[in-house]
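Residue-level structural notes
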Amino acid sequence: MKLKKMWKSANRGVMLGALLLVIVAIYVIADQIIFSNEKGDINSLVTNYVNDYMTTLKAPDDVIKNKAWTKESGEKEIADYNSLIDKYFTYNHYNSTVSEMNYYINRQTGEDDIKTFYKDETLKDIGFITDTQHSISSVKIKKYGPSGALVTFKLNSKLTVCGAYSITNIDLEPWQDSPVKEDGTIINDTSKSTEHSNSIEVSVQLLRENGSWKISKIATTSFEYSSGTDIGGNE
């Protein structure tokens with residue numbers, strides 16, 4: 001009799017375990033189906049971000065016309081990048097232990113770096129971009145965490161730069177590659193323009209918040225750029 005009760009208990013445990021596995025499997029499959037349906041929205045968000053970023057990358061009209069930054073144009077550039085960040089980024093992110101995420105730049109870091117880069121005291125050393133062309137390829141989207149996604153893609157661009165090669169990268173990190181004098185002073189000759197071809201591999205972490213996707217962190221995982229082809233002086 002005791003054996004029979006034990007057998008029944010064992011069977012009940014096996015059945016409950018099997019039922020739990022079925023429920024988990026259904027949840028995982030349903031979650032993957034829902035995520036697959038979200039991939040179009042994720043791809044659109046990343047594509048729109050890149051397009052708006054490239055538009056923001058081009059210097060304001062008054063800078064191109066006067067061939068120099070002013071305090072006002074620097075403030076406008078900061079405001080334009082802040083608008084871009086407000087539209088696409090969230091302050092929230094996973095505290096990932098994955099080493100590859102350690103160098104990702106989040107919203108706050110991007111805001112701080114841009115504010116520092118375009119401050120009045122440094123504007124004399126910054127060149128500016130007068131024309132941009134770009135294309136996106138090799139887009140891959142996968143699930144990342146319970147409400148996240150990880151997107152990788154390649155961004156190819158051609159930039160016309162006036163003066164020192166100064167750029168805020170797609171990961172919101174300002175960067176400059178410019179010749180310097182013996183005393184360390186940056187040479188920013190805005191009478192000359194160069195053309196640069198870049199190939200960048202980008203990785204973006206996104207989170208779903210209140211029914212829409214936002215960028216949480218972003219990084220350039222590979223960066224190749226040309227030293228610049230001289231295309232002559234500026235009238």
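Just so you know, these numbers come straight off a predicted model, no measurement behind them.

1. A few points about helix 3 (residues 71-88)
Working note: α-helix, 3.6 residues per turn, so residues spaced by three or four point in the same direction. In this model, helix 3 (18 residues) spans 26 Å end to end at C-alpha, consistent with the 26 Å of a helix rising 1.5 Å per residue. For helix 3, the full list of buried residues reads Ser73, Gly74, Glu77, Ile78, Tyr81, Leu84, Ile85 and Tyr88. Each buried residue of helix 3 lies within a common arc of 145° when the element is viewed along its axis, so the set occupies one face.

2. Overview of the environment of His134
By the secondary structure assignment, His134 is in strand 2 (residues 128-143). Linking His134 and Ser197, residues 63 residues apart in sequence, is a C-alpha distance of 9.6 Å. Not counting residues within four places of it along the chain, the set of residues in contact with His134 comprises Val50, Asn51, Met54, Leu155, Asn156 and Ser157. Among the polar contacts listed, one links the side chain of His134 to the side chain of Asn51, at a separation of 2.9 Å.

3. So, the pattern of salt bridges
Scanning the model with the defined rule gives 6 salt bridges in all. Arg208 is the partner of Glu38 in a salt bridge, and the nearest nitrogen-oxygen pair spans 3.1 Å. Residue Glu38 is located in helix 1 (residues 2-57), and its partner Arg208 is located in strand 6 (residues 192-209); the two are separated by 170 residues in the primary sequence. Judged by its relative accessible area of 13%, Glu38 falls in the buried class.

4. Looking at helix 4 (residues 107-117)
Among the residues of helix 4, Arg107, Gly110, Glu111, Ile114 and Phe117 are the ones counted as buried. Summarising the axial view, the buried residues of helix 4 lie within an arc of 135°, below the 170-degree limit, and thus occupy one face. Contacts from the buried residues of helix 4 go to helix 3, strand 1 (105-106), strand 4 (165-168), strand 5 (174-177) and strand 7 (212-225). Its side-chain oxygen 3.2 Å from the backbone nitrogen of Gln108, Asn106 forms the N-cap of helix 4.

Rules used throughout
- Residues numbered from 1 in each chain as written.
- Predicted model: local features only at pLDDT ≥ 70, side-chain atom pairs only at ≥ 80, totals over all residues.
- Heavy atoms only, no water.
- Helix = DSSP H or I, 4+ residues; strand = E, 2+ residues; numbered from the N terminus.
- Expected span 1.5 Å × (residues − 1).
- Buried < 20%, exposed > 50% of the residue type's maximum accessible area, 1.4 Å probe, protein only.
- Arc of directions from axis to C-beta.
- Contact = heavy atoms within 4.5 Å.
- Polar contact = N/O pair within 3.5 Å; in protein donor to acceptor, adjacent residues only side chain to side chain.
- Salt bridge = Lys/Arg side-chain N within 4 Å of Asp/Glu carboxyl O.

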